[in-house]
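# Examining the three-dimensional arrangement
For reference, the chains in residue letters:
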Amino acid sequence: MLRHRRVFWAFATLLGGVSVCLGGLVYTVKREPAFYRQAPAPSEWDAREKSSRLLTRWQDLKNEILTRAEWGETFTAEELNGFFAENMNKRGGLCSVLPNGFHSPRIAIEGDRLKLGFRYREGFWSTVLWVELKVWLVKNETNLIAIEVCDLCAGGLPFGSQSILDTISESLRDSNVEVTWYRKEGKPVGLFRLYADQPRPAAQVMTLTVSDGKIVVAGKSFRDQPQGAPVGVNSPLP
């Protein structure tokens, strides 16, 4: 009888430990990052207005790149979140551009770090997949953008990034963007070269900064003038 009790209590202890571990794992995976949870939820009218203004400015920027010698624009995290709320919620029309099951992206810019999160699925089994990035232009290179993956998590649980990095590289292969990955102090860094098939690109990004809640991009175009040597940019080497 004593032996049976010991076996029972040993089994009960093991089962309890497994339950605690599983419960902790579920809690960690479902825990929303603070930036996602605290992102302001704009009203329906406010989100629609912000979305419309941002689309207009984005189209204007594309036209400027084609027609003007110098161009630039600033996008704030607040504006982008308004666009996401209007167009990329679980019923949003642009959710089709995201992988199946992903919706409701949110963005935050804290210092020089950009945080981007997506809700995956719905209900009890949903979680927020998010990434923290550092973005800069590579010095003395033309149209070369470096993106360091500082964190990649499901809720509060970090996970491996290689499969996602491979997916990003594959998706950009047909977009005239050449991607190369390397490691910097253990963190993956992607080098994204724009206009990869053009030895002398018709446009060059001169400024790309992520800071103080906004993204600033500016550059020059050379469509109506001889293309000189590329001009250096104001960002450090990766």
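Here the structure is a predicted model, which is why all the values come from computation and not from measurement.

### With respect to the confidence of the model for the protein
The predicted structure's coordinates, where accompanied by low pLDDT, should not be read in detail. Counting all residues, the mean pLDDT for the protein is 79, and 77% of those residues have values of 70 or more. Confidence over residues 8–27 falls short of pLDDT 50; this stretch has two contacts with residues more than four positions distant or in other chains. A low-confidence stretch, residues 226–238 (pLDDT under 50), is modelled with 38 contacts involving residues beyond four sequence positions or located in other chains.

### Concerning the sheet that holds strand β1 (residues 70–76)
Pairing is antiparallel across the open sheet formed by three strands, whose spatial order is β1-β10-β9. The two strands at the open ends of the sheet, each matched to only one other strand, are β1 and β9 (203–211). Going from strand to strand, the sheet's axes swing by 10° on average, the running direction of each strand aside. When β1 meets strand β10 (residues 214–221), the two strands line up antiparallel, connected through seven bridges. Among the inter-strand pairings, E70 is bridged to a residue of β10, identified as K220. Where helix α4 (residues 77–87) meets the sheet, its contacts fall on β1 and β10, and the angle it forms with β1 comes to roughly 75°.

### Description of the pairing of strand β7 (residues 177–184)
For β7 and strand β8 (residues 187–194), the ladder comprises eight bridges, and the chain directions are antiparallel. Bridged to K184 within β8 is K187. Remark: two residues form the turn of the hairpin made by β7 and β8, two consecutive strands paired antiparallel; E185 in that turn has positive phi of roughly 55°.

### Concerning the packing of aromatic side chains
By the definition in use, this model includes seven aromatic pairs. Taking the centre distance of 6.0 Å and the plane angle of 70° together, the rings of F35 and W130 count as edge-to-face. Of this pair, F35 sits in helix α2 (residues 34–37) while W130 sits in strand β4 (residues 127–137), placing them 95 residues apart in sequence. By relative accessible area, F35 is classed as buried at 8%. Ring geometry for W181 versus F192: centroids 5.8 Å apart, planes at 80°, classification edge-to-face. Here W181 is found in strand β7, whereas its partner F192 is found in strand β8, with 11 residues between them in sequence. Given a relative accessible area of 9%, F192 falls into the buried group. Geometry around W136 places K134 over its ring, the cationic atom sitting 6.0 Å from the centre.

So, how was this worked out
- Residues numbered from 1 in each chain as written.
- Predicted model: local features only at pLDDT ≥ 70, side-chain atom pairs only at ≥ 80, totals over all residues.
- Heavy atoms only, no water.
- pLDDT = per-residue confidence, 0-100.
- Contact = heavy atoms within 4.5 Å.
- Pairing = 2+ DSSP bridges.
- Helix = DSSP H or I, 4+ residues; strand = E, 2+ residues; numbered from the N terminus.
- Axes fitted to C-alpha atoms, helices over the stretch in contact; angles between N-to-C directions.
- Phe/Tyr/Trp six-rings, centres within 6.5 Å; stacked < 30°, edge-to-face > 60°.
- Buried < 20%, exposed > 50% of the residue type's maximum accessible area, 1.4 Å probe, protein only.
- Lys NZ or Arg CZ within 6 Å of the ring centre and 35° of its normal.

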